[in-house]
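Next come the chains, spelled out residue by residue.
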Amino acid sequence: MPTVAATPITPPDQHVVTAREAIEPLYEKLELQTESLVLSAALEAGWSPDEATEALAALRLQDALSILDERTGQ
């Protein structure tokens, strides 16, 4: 019967990159693509560039505040 050699598992504190460092480039790319799509849709709907940018900033702020509220238990 064949035997299987144990594969060593590197503990989290010894990883070459953190999980955040590994996913951050993809997250930023997706964020830029999403922003572009949202702004394009707003402009096509007749919003001015300033209105669209302000609305997107307000949504981001609302999302960030919601996350902070969840973390602080409010």
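Owing to the predicted nature of the structure, the values given are computational and were not obtained by experimental measurement.

**Q** Would you mind going over the overall build of the protein chain with me for this structure?
**A** What the protein chain contains, in helices and strands, is two helices and zero strands. Dimensions of the protein chain, computed from C-alpha atoms along their principal axes, come out at roughly 70 × 35 × 25 Å. When the accessible surface of the protein chain is totalled, it reaches about 6900 Å², and 61% of it is carbon and sulfur.

**Q** Please clarify how a nonpolar patch on the surface should be interpreted in this entry.
**A** A cluster of nonpolar residues, Leu61, Leu65 and Leu68, forms a patch on the protein surface that exposes about 290 Å² of accessible area. Tracing the chain through its elements places leucine 68 in helix α2 (residues 49–72).

**Q** Looking at this structure, how should I read the pattern of salt bridges?
**A** This model, assessed by the stated rule, comprises two salt bridges. We note a salt bridge from arginine 20 to glutamate 24, for which the minimum N-O separation is 3.9 Å. Here the residue arginine 20 and the residue glutamate 24 both occupy positions in helix α1 (residues 19–44), the gap between them amounting to four residues, near one helical turn. The class of glutamate 24 is partly exposed, set by a relative accessible area of 31%. Note that glutamate 35 and arginine 60 form a salt bridge whose closest N and O atoms lie 2.3 Å from each other. Placement of glutamate 35 in helix α1 and of arginine 60 in helix α2 is noted, with a sequence separation of 25 residues between them. Owing to a relative accessible area of 25%, glutamate 35 belongs among the partly exposed residues under this scheme. By relative accessible area, which is 37% here, arginine 60 ends up partly exposed.

What counts as what
- Residues numbered from 1 in each chain as written.
- Predicted model: local features only at pLDDT ≥ 70, side-chain atom pairs only at ≥ 80, totals over all residues.
- Heavy atoms only, no water.
- Helix = DSSP H or I, 4+ residues; strand = E, 2+ residues; numbered from the N terminus.
- Areas by Shrake-Rupley, 256 points an atom, 1.4 Å probe, with all protein chains shown as cover.
- Patch = residues over 30% accessible without salt bridge, like charges linked within 9 Å, V, L, I, M, F, W, Y side chains within 5 Å.
- Salt bridge = Lys/Arg side-chain N within 4 Å of Asp/Glu carboxyl O.
- Buried < 20%, exposed > 50% of the residue type's maximum accessible area, 1.4 Å probe, protein only.

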